[in-house]
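# An overview of the molecular structure
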Amino acid sequence: MDMKFMKKTSPYLAAIILQFGYAGLGIIAKSALNEGMSHYTFSVYRNFVAAMVVAPFAFAFERKIRPRMTLSILYKIFILALLEPVIDQNLYYVGLKYTSATFTVALCNILPAMTFLLAWALRIERVNVKRLGSQAKIMGTIVTMSGAMIMTLVKGSVIALPWIKNKCNPQSVDDGNLHQNPIKGALMIGAACFCWSIFYVLQAITLKSYPAGFSLTGLICMIGAFQGSVLTLVVERGNTAIWSIGWNIKLLAATYAGVICSGVGYYVSGVIMNEKGPVFVTAFNPLNMVIVAVLSSFVLAEQLNIGKVAGSMVIVVGLYLVIWGKSKDESEPIHPEIQVMDQKRTANETPRLEDGDGVVYEAKFCNAV
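Residues numbered from 1 in each chain as written. Predicted model: local features only at pLDDT ≥ 70, side-chain atom pairs only at ≥ 80, totals over all residues. Heavy atoms only, no water.

Okay, the packing of helix α1 (residues 2-23) against helix α10 (residues 249-276) next. Look at α1 against α10: their axes get within 10 Å of each other, and the N-to-C directions meet at 155°. By the criterion of interaxial angle, the relationship of α1 to α10 is roughly antiparallel. The handedness of the crossing between α1 and α10 is left-handed. Contacts between α1 and α10 involve K7, P11, Y12, A14, A15, L18, F20, G21 and Y22 from the first element and Y256, I260, C261, V264, G265, V268, S269, I272, E275 and K276 from the second. Within the contact of α1 with α10, the residues separate by chemical class into 13 nonpolar, 3 polar and 3 charged. (Axes fitted to C-alpha atoms, helices over the stretch in contact; angles between N-to-C directions. Helix = DSSP H or I, 4+ residues; strand = E, 2+ residues; numbered from the N terminus. Parallel < 35°, antiparallel > 145°, perpendicular 65-115°, else oblique. Left-handed = near helix turned anticlockwise from the far one by under 90°. Contact = heavy atoms within 4.5 Å. Nonpolar A, V, L, I, M, F, W, Y, C, P; charged D, E, K, R; others polar.)

This is the structure we're talking about:
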């Protein structure tokens, strides 16, 4: 009974833990970019670290079960490496540089809606608007995004918390003076989220033909690091200073992002997708804002207001609707009448056999007299 319960709840726990890992990226990355780190080299170092961390696990656990590499799979991995490690990360870091960590995290809450619509269009996500479960998923996605917007736009009175009562609120990296170009930054972050949603959907598709999570993660990061290096050498040609890195926030940012957000993040996301699909993974993304708001009150002594608390409660309600709707859809077929017709048609079909060369023959049987 305990094992069955753990197996059922493990995707939910993994998705929540994943958001805790993502929560620190915005602040750490913003600090590194403010110290003059190039977003091109940031992406390269991040993916190089991730590839080095994941490679031993791929060799140890998937050496004997790794599927044969085909041209189709290699093409998908190449596109995956271009989408997230190169395009998405560079656009995300540029948008972060033009805005702030809080603004970036808030705007990234469009990711669940983008992924949901894309998966729905490609028929990866089961949706039937006549079913209660599908209606709950759609409504939950809208409610979750609304909660994130409430956290961002609504302020309200400050809540007096005992652990920050006598502490001064230090100036953080999200100071409004650092907002250089919010409109341009928003466009960059929006484009990054679009690439991110395509990455999630394509990753789910690729895992069906190449179900080796560690190997896929390592290949994506390794090829992404190579593609990013070529892009950096072309764009920043002659500027060797951007490659310098020391024992500072730049090294911490590259290591944290590589190990937690790329290495662990890609693999764990893939494991969850195999069971629940890409929409389930991204549905927990708005939880990132809640985690950042709570942790900031402890770590940075940032004050909570009514807007953040109300938005957090709305996000929790939205997540519950998505999770309940997904479990409801999984427990019943979308078109039971079609399933019955398929069963009748299968029962009346002539059995078919296939020889070693892939040629299909109809198997005809006669009753013995």
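Don't stop here, the text continues.
Glancing now at unusual backbone geometry. Within the chain, R123 stands out as a residue other than glycine whose phi angle is a positive 60°. Mapped onto the elements, R123 comes out in the loop between α6 (111-121) and α7 (132-153). Classification of R123 as exposed rests on a relative accessible area of 79%. (Buried < 20%, exposed > 50% of the residue type's maximum accessible area, 1.4 Å probe, protein only.)

Looking now at the nonpolar core. Within the largest apolar cluster, 67 residues are counted, with the highest numbers of intra-cluster contacts made by F42, Y93, F199, Y200, I220, I272 and F284. With 10 residues, the single largest contributor to this core is helix α8 (residues 182-209). In this view, I272 contacts P11, A14, A15, G277, F280 and V281; residues no more than four positions away in its chain are not counted. (Core = buried A, V, L, I, M, F, W, Y, C linked by side-chain atoms within 4.5 Å.)

Glancing now at the side chain of E84. Mapped onto the elements, E84 comes out in helix α4 (residues 71-98). No salt bridge is formed by the buried E84; its nearest oppositely charged neighbour, R46, is found at 4.6 Å. A distance of 3.0 Å separates a polar atom in the side chain of E84 from a polar atom in the side chain of Q89. Once residues lying within four places of it in the same chain are set aside, the contact partners of E84 are Q89, W196, F199 and Y266. (Lys, Arg positive; Asp, Glu negative; His and termini not counted. Salt bridge = Lys/Arg side-chain N within 4 Å of Asp/Glu carboxyl O. Polar contact = N/O pair within 3.5 Å; in protein donor to acceptor, adjacent residues only side chain to side chain.)

Here we take up a nonpolar patch on the surface. On the surface, F226, V230, L231, V234 and V235 cluster together into a nonpolar patch covering about 430 Å² of accessible area. Along the chain, V235 falls in helix α9 (residues 213-235). The class of V235 is partly exposed, set by a relative accessible area of 41%. (Patch = residues over 30% accessible without salt bridge, like charges linked within 9 Å, V, L, I, M, F, W, Y side chains within 5 Å. Areas by Shrake-Rupley, 256 points an atom, 1.4 Å probe, with all protein chains shown as cover.)

Next up on the list: helix α2 (residues 25-34). Most of α2 is tucked away, with 8 of its 10 residues classed as buried. Turning to α2, its buried residues number three or more, namely L25, G26, I28, A29, K30, S31, A32 and L33. The inward-facing, buried residues of α2 contact α1, α3 (39-61), α4, α5 (101-107) and α10. In the segment just after α2, G36 is the residue with positive phi, at about 100°.

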